[in-house]
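As a plain string of letters, each chain reads:
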Amino acid sequence: MKTTLEYYDIFPRILCTEVTTVVTIQALGEHVELEAAGEYRIRLVPMNNTPVNLPVYGRQMYAAVYEDGVLHFSCRLSDEQQYAVLLQKKEKEGWNPCCELRIYALRPDFFRLRPFRGDMHCHTCRSDGAEGPSIVAANYRKAGFDFLSITDHGQYEPSLEAIRAYEEIPMSFRLFSGEEVHPPKNHCHTVHFGGDYSVNDIFRKDPERYEREVDLIAQELQIPVQVDAREYASLVWVYRKIREAGGMAVMAHPCWIQEEAYHISRTMYQYLLRTRPFDALELTCGQSIEENQLQVSLWQQMREEGNVVPVVGSSDSHGTVNAQWFGLSKMIVLAERCEKDAIIDAVKARRAVVLEQYHKEEFPRVYGENRAVEFVLFLIAEYMPLHDELCYEEGRLMKAYACGDKEAGEMLRQIGRRTEALFEKYWA
């Protein structure tokens, strides 16, 4: 965490453009205590459009008023961007710097959104993962996640098991249904996020119906001869069934190296990106840097050709304790609420920012639309560390509660919505 986050608090941190806002600066400890008799001012620097060599640089000054141990200043910001807040104190020799803080101004359409860190693809011991559903959920919250969908191979029930484990505890952390769909005669996998029932169960219970419906899709679509028509039709069937269930269909790990070959043939991958029968592409996941960067490269190339698709980042984790893939890939979704439909709408509107960060790397690679990426980069540095401190304790209590500690459940009832209070504090 940045030293300034430990030494000073500034709130709100996220402001709405063209709205006059009173901003508060609070010192966190006697070593940086603000003096009632001191004279302070704020120099506000818009970081996107203030070259340091312009004469106007440094002239945006605001009076800082001391009151009950904190400073207040009022500002009205016109441009959406990050601003450096330079706190200065008057001394005999002139104005000396105290600290540099950051705030962000958003236009109204983004200001109404909130950031939610999530993962739509992970596994438990109900398939080939390491831990049970309730423990996986607890460890995700402990790691700072706001939502999770457990997607065991061919199984929908484990996601419901995790939901039931905490259904009596009011928490900001949200668990959603899910499964990884493995259609017959098709090795390509699909992540089913949030649907009301299992798609795997449909072809398991009635395989003949599945075969008939896939045949009809193959006949109705004009599929190029170089593309495996049966495989493509099967995927279209899966995507349609997921949407019928009220879920979102995510093309999973297309460049995963499986049995010495990529999971999805290059011809099929490109054709899927051009036709986009799915809802979102899993841009990065728990894979090698080679596999993930190949997915990113083709996505970028297809964007240049006009084939723009929504993306998500998920870990495909198979364990949450000393596990290689856990936390490697994730996303921050900018949505109105941490609810299924709002998250799906945000992903489809390309307001999901993908984060890829390998172990021992200090900062993630970030992918998405530039406007959302710029804001998320600010959040990673200035907001998420504070958010994650609250999540850690909640996750620890979730695990204790799942293991039978009733006192942990009572404590969770008291603190389980603290991240919502954090929103209220930092959004003007």
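The shown structure was predicted, so the numbers you read here are calculated from the model rather than taken from an experiment.

## Details of the layout of surface pockets
By volume, the largest pocket amounts to about 490 Å³. Taken together, 21 residues line the largest pocket, and the ones lying closest to its centre are Arg117, Ala143, Lys330, Gln357 and Asp388. Elements with a contribution of two residues or more to the lining of the largest pocket: helix 11 (370-382) and helix 12 (384-402). Here the element with the most residues in the lining of the largest pocket is helix 12; it accounts for 3 residues. Of the residues in the lining of the largest pocket, the class split is 12 nonpolar, 3 polar and 6 charged. The volume enclosed by the second largest pocket comes to roughly 410 Å³. Secondary structure elements with two or more residues in the lining of the second largest pocket: strand 9 (114-119), strand 11 (174-176) and helix 14 (418-426). Ranked by residue count, the leading element in the lining of the second largest pocket is helix 14, at 4 residues.

## Some thoughts on the packing of helix 6 (residues 207-220) against helix 7 (residues 229-244)
Running from amino to carboxyl end, helix 6 crosses helix 7 at an angle of 110°, the nearest separation of the two axes being 8 Å. On the basis of their axis angle, the class for helix 6 and helix 7 is roughly perpendicular. Along this stretch, helix 6 crosses helix 7, giving a crossing that reads as right-handed. From helix 6, Arg209, Tyr210, Glu211, Glu213, Val214, Asp215, Ile217, Ala218 and Glu220 reach across to helix 7, where they touch Ala229, Arg230, Ala233, Ser234, Val236, Trp237, Arg240 and Lys241. Classifying every residue of the contact of helix 6 with helix 7 gives 8 nonpolar, 1 polar and 8 charged.

Procedures and definitions
- Residues numbered from 1 in each chain as written.
- Predicted model: local features only at pLDDT ≥ 70, side-chain atom pairs only at ≥ 80, totals over all residues.
- Heavy atoms only, no water.
- 1 Å grid on protein atoms, 1.4 Å probe; cavity = no way out; pocket = protein on both sides within 12 Å on 5 of 7 lines; lining within 4 Å.
- Points joined across faces, edges and corners; volume = space filled by probe spheres on them.
- Helix = DSSP H or I, 4+ residues; strand = E, 2+ residues; numbered from the N terminus.
- Nonpolar A, V, L, I, M, F, W, Y, C, P; charged D, E, K, R; others polar.
- Axes fitted to C-alpha atoms, helices over the stretch in contact; angles between N-to-C directions.
- Parallel < 35°, antiparallel > 145°, perpendicular 65-115°, else oblique.
- Left-handed = near helix turned anticlockwise from the far one by under 90°.
- Contact = heavy atoms within 4.5 Å.

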